[in-house]
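Geometric and topological summary
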Amino acid sequence: MKNYLTYSKIDTYVQCPFKYKWIYIDRNDYKRNIASERGIFARAVLERYVTKLMELKKKKNLKVFDKIFNTLWSDTYGIILSDYDKHKIKDYLLVYIQKSIEIKHVLAVECQFSFYLAELKLQVSGRFNRVESLPVNRLKLIDYKIGQSQFFFSDSLQSWIYGYALLDRFPEYGGHQISYRFLEKNEFMGFKPQDKSKLKSKIIGVASSVLSDCQMLPTKNKWCDFCDICEQGKCSEWN
Ligand code: SF4
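Cut-off values and rules
- Residues numbered from 1 in each chain as written.
- Predicted model: local features only at pLDDT ≥ 70, side-chain atom pairs only at ≥ 80, totals over all residues.
- Axes fitted to C-alpha atoms, helices over the stretch in contact; angles between N-to-C directions.
- Helix = DSSP H or I, 4+ residues; strand = E, 2+ residues; numbered from the N terminus.
- Parallel < 35°, antiparallel > 145°, perpendicular 65-115°, else oblique.
- Left-handed = near helix turned anticlockwise from the far one by under 90°.
- Contact = placed C-beta atoms within 7 Å.
- Nonpolar A, V, L, I, M, F, W, Y, C, P; charged D, E, K, R; others polar.
- Expected span 1.5 Å × (residues − 1).
- Buried ≥ 20, exposed ≤ 12 C-beta atoms within 10 Å, placed from the backbone.
- Near = placed C-beta within 6 Å.
- Domains from an automatic or database assignment.
- Core = buried A, V, L, I, M, F, W, Y, C linked by C-beta atoms within 7 Å.

Running from N to C, helix 1 (residues 7-15) and helix 6 (residues 157-169) cross one another at 160°; their axes reach a closest spacing of 10 Å. Between helix 1 and helix 6, the angle falls in the class roughly antiparallel. Considering only the axes of helix 1 and helix 6, their crossing is right-handed. For the pair helix 1 and helix 6, the contacting residues are Tyr7, Ile10, Asp11 and Val14 in the first and Leu157, Gln158 and Ile161 in the second. The residue inventory of the contact of helix 1 with helix 6, partitioned by class, reads five nonpolar, one polar and one charged.

Here it is in structure tokens:
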């Protein structure tokens, strides 16, 4: 029998096995925290904006940006987020789009990836925010981040999975890189995936724990303060 995991499921397990079980095995309700909602809104604006620029073959267009931002806000996010969030997100997105998007290089926006690990009979899938081709046969994955770069380690599960998926899906390119863009502070951090077999064994190490863990115990971590399970009083580790 084939197993299926997404990057975000594996990442949730790494944060806390009990949280993974609560959401994905027991299928309990789980309310996303405000920081996640802010990130989802900002990514949705960028996805639609870059897709539209590709259609229009334009470098940038602030009217298009405003229209997309305001439509998404009034249709969905205005009832979840505050006006303070709205202005803050708009400000940093405007800084980002003025300088950091080269439409002529964009190959794909919000594209699905998937690879198979025969050792675990496991299909792993996920989504790239944006992929660009660069001069001299290089390829860059851009991943949007909302948090702060000082709390982020680029040599971690996300880079292993994204890196392996990049090398697997685009083998014809001579160089691959991942650029994490921290939108709020306009910072970035890079990772160069090179050795596919090393990345694969790291992913297998983590994924096999997800597939074989029978206990799924709660594990305190830096996201506990924002966890809906403790809000509901259902976590034994949180008091
Ligand atoms: S509050 Fe509990 S369930 Fe939530 S992440 Fe922390 S340890 Fe896991």
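To continue, consider helix 3 (residues 34-56). Along its 23 residues, helix 3 runs 33 Å from first to last C-alpha, staying within 8% of the 33 Å computed at 1.5 Å per residue. By the burial criterion, the buried members of helix 3 are Arg38, Phe41, Ala42, Val45, Leu46, Tyr49, Val50 and Leu53. Looking at the buried residues of helix 3, the elements they touch are helix 4 (62-75), helix 5 (83-99), strand 2 (106-117), strand 3 (122-134) and strand 4 (138-145). Remark: Lys57 follows helix 3 within two positions and exhibits a positive phi of approximately 55°.

Let's shift gears to unusual backbone geometry. In this model, Arg27 sits at a positive phi of 55°, which is unusual for a non-glycine residue. Looking at where Arg27 falls in the secondary structure, it is placed in the loop between helix 2 (17-25) and helix 3. Positive phi, normally seen in glycine, also occurs at Glu110, with a value near 45°. As for its position among the elements, Glu110 is in strand 2. On the basis of neighbour counts, which here come to 16 C-beta atoms within 10 Å, the residue Glu110 falls in the partly exposed class.

Before going further, it helps to spend a moment on the site of the ligand. Among the 15 residues in the neighbourhood of the ligand, the closest are listed as Cys16, Cys224, Cys227, Cys230 and Cys235. Looking at the shell around the ligand, the elements that each hand over two or more residues are helix 2 and helix 8 (228-231).

Within the element layout of this structure, Gln177 appears in strand 5 (residues 175-182). Exposure remark for Gln177: the 19 C-beta atoms within 10 Å place this residue in the partly exposed category. Spatially, the C-alpha atom of Gln177 lies 27 Å from that of Val210, the residues being 33 residues apart in sequence. Leaving out residues up to four positions away in the same chain, Gln177 has contacts with Arg138, Lys140, Gly190 and Lys192.

Domain annotation for the chain reports domain 1 (31-102) and domain 2 (138-204). Placing a centre on the C-alpha atoms of domain 1 and another on those of domain 2 gives a separation of 23 Å. If you look at the interface, domain 1 gives eleven residues, while domain 2 gives six residues. Listed by contribution, the elements that provide at least two residues to the side of domain 1 that touches domain 2 are helix 3 and helix 5. Examining the composition of the side of domain 1 that touches domain 2, we find that six residues originate from one element, helix 3, more than from any other. For the side of domain 1 that touches domain 2, the per-class residue count stands at seven nonpolar, two polar and two charged.

Judged by nonpolar contacts, the single largest core of 30 residues is most densely connected at Leu141, Ile161, Tyr162 and Ala207. Of all the elements in the fold, those that place two or more residues in this core are helix 1, helix 2, strand 3, strand 4, helix 6, strand 5 and helix 7 (196-212). Among the elements that take part in this core, helix 6 stands out by supplying six residues, more than any other. The contact partners of Tyr162, leaving out residues within four places of it in the chain, are Phe128, Leu141, Asp143 and Ile178. Grouped together as the second largest cluster of nonpolar side chains are 14 residues, Phe41, Val45, Leu53 and Leu93 included.

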